[in-house]
Amino acid sequence: MSANRFLARLAEGKTLVIDGATGTNLQQRGLPRGMASDAWVLENPSEVQRLHKAFLAAGSDIILTDTFGSTRIRLEHAGLQERMVEINQKAVMLAKDAVAGTLTLVAGSIGPTGQMLQPMGTLTEDAARDAFAEQAKALAEAGVDLLVIETQFDLGEARAAIEGARSVCSLPLVCSFSYDRGVRTMMGVKPAQMARELGDLVDVLGINCGRSLEDNLKVLKELRQATEKPIWFKPNAGLPRTLPNDQVAYDVTPDEMGSQAPVWVAEGACLVGGCCGTSPEHLAAIASSIKG
């Protein structure tokens, strides 16, 4: 039932608005720098839910769970690996409660493990696949409408995440790469290569994070030429800049992001939101420009 809700919305052909950033917005709300936002699912759940509601009020059709770093492997950094299932399932509950009574969908966020696969690193593909499967199962059992494997940069790890998720559930899958070297990922992957190698394995291909709106637009155009799949598009509000008070600021304004959103849709994005630095105000401008 939940899988059909997302696919049915896609089939309607209308542009869907995704939410904005989780981590950078929670930092603005008091999350200490360096602390994983996932920890606040346990320590400050009311603030996580308030952020979800702010994005809902701004016009989001899809809200992502605060589980970007919630594989068992990544949670080890915070000593929370044994609470992996609890964190993922509570994060889903917070998001579902925030959107209750609306048509807004809940997407389970799955980020990279934070480790490099062999031979560049020590993580085996089997270990990565198992960790992703474990997280995907927890999210699926808690009732998300779709899974979003996001901010990927390595084809091997992305494939392990896709295979892990597919092994435990039949939910729709989005796979989104971060082109943080402009029009390539840190591992040198280009959009057309990602589409060619992973397009048949997922329902939606995506772009999130990155360096600038201009670079992300170039990536979007290349990806659109390489695939007929729906495209998920969540660019950064520029690059972060540290202020004298040690706060982080992003220079792209809500009006600037809002004015660009119709261009993204015209160039082939079917689902549009924002990544790092994208506040509820940015998201409201995006939603307004798309929905009118």
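As shown above, the structure is provided for reference.
These numbers were taken from a predicted model, which means no experiment stands behind them.

Draft legend 1. Seen up close, the side chain of S60. Inspection of the secondary structure assignment puts S60 in the loop between α4 (45–58) and β2 (62–64). Among the polar contacts made by the side chain of S60, one reaches the main-chain carbonyl oxygen of F55 at a distance of 3.0 Å. Excluding its chain neighbours within four sequence positions, the residues that come into contact with S60 are V17, I18, D19, F55, T104 and L283.

Draft legend 2. Spatial organisation of the state of the cysteines. For the coordinates displayed, the defined rule picks out 0 disulfides. This cysteine, C209, is not joined by any disulfide, and C276 carries the nearest cysteine sulfur, 4.0 Å off. The class of C209 is buried, set by a relative accessible area of 14%.

Draft legend 3. Structural context of the sheet that holds β2. The parallel open sheet is built from 8 strands, whose spatial order is β1-β10-β7-β6-β5-β4-β3-β2. Because the sheet does not close on itself, it has two edges, and the strands there are β1 (16–17) and β2. Across 2 bridges, strand β7 (residues 231–235) lies against strand β10 (residues 271–272) in parallel orientation. Each residue of the ladder has a partner; that of W232, found in β10, is L271.

Draft legend 4. Main features of the pairing of β7. Most of β7 is tucked away, with 5 of its 5 residues classed as buried. Alternating positions in β7 separate into two faces, I231, F233 and P235 on one and W232 and K234 on the other, with burial throughout. Pairing between strand β6 (residues 204–209) and β7: 5 bridges, direction parallel. Following the sheet pairing, I207 is matched in β7 by F233.

Draft legend 5. Geometry of the nonpolar core. Formed by 72 residues in total, the largest nonpolar core has its most connected members in L147, C175, F177, M194, L198, L220 and W264. Broken down by element, this core gets its largest block of residues, 7 residues, from helix α6 (residues 84–99). In this structure, L198 is in contact with L155, A158, R159, I162, C175, F177 and L205, ignoring residues within four places of it in sequence. If you look at the next biggest cluster of nonpolar residues, it comprises 14 residues, including L10, L105, A107 and L146.

Draft legend 6. Region of interest: the packing of aromatic side chains. Applying the stated rule across the entire model yields 2 aromatic pairs. Taking the centre distance of 6.5 Å and the plane angle of 35 degrees together, the rings of F177 and Y179 count as tilted. The exposure class of F177 is buried, given its relative accessible area of 0%. Between F233 and W264, the ring centres sit 5.2 Å apart and the planes meet at 70 degrees, which makes this aromatic pair edge-to-face. Of this pair, F233 sits in strand β7 while W264 sits in helix α11 (residues 254–266), placing them 31 residues apart in sequence. Here F233 and W264 have matching classes, each one buried.

Thresholds applied
Residues numbered from 1 in each chain as written. Predicted model: local features only at pLDDT ≥ 70, side-chain atom pairs only at ≥ 80, totals over all residues. Heavy atoms only, no water. Helix = DSSP H or I, 4+ residues; strand = E, 2+ residues; numbered from the N terminus. Polar contact = N/O pair within 3.5 Å; in protein donor to acceptor, adjacent residues only side chain to side chain. Contact = heavy atoms within 4.5 Å. Disulfide = S-S within 2.5 Å. Buried < 20%, exposed > 50% of the residue type's maximum accessible area, 1.4 Å probe, protein only. Pairing = 2+ DSSP bridges. Core = buried A, V, L, I, M, F, W, Y, C linked by side-chain atoms within 4.5 Å. Phe/Tyr/Trp six-rings, centres within 6.5 Å; stacked < 30°, edge-to-face > 60°.

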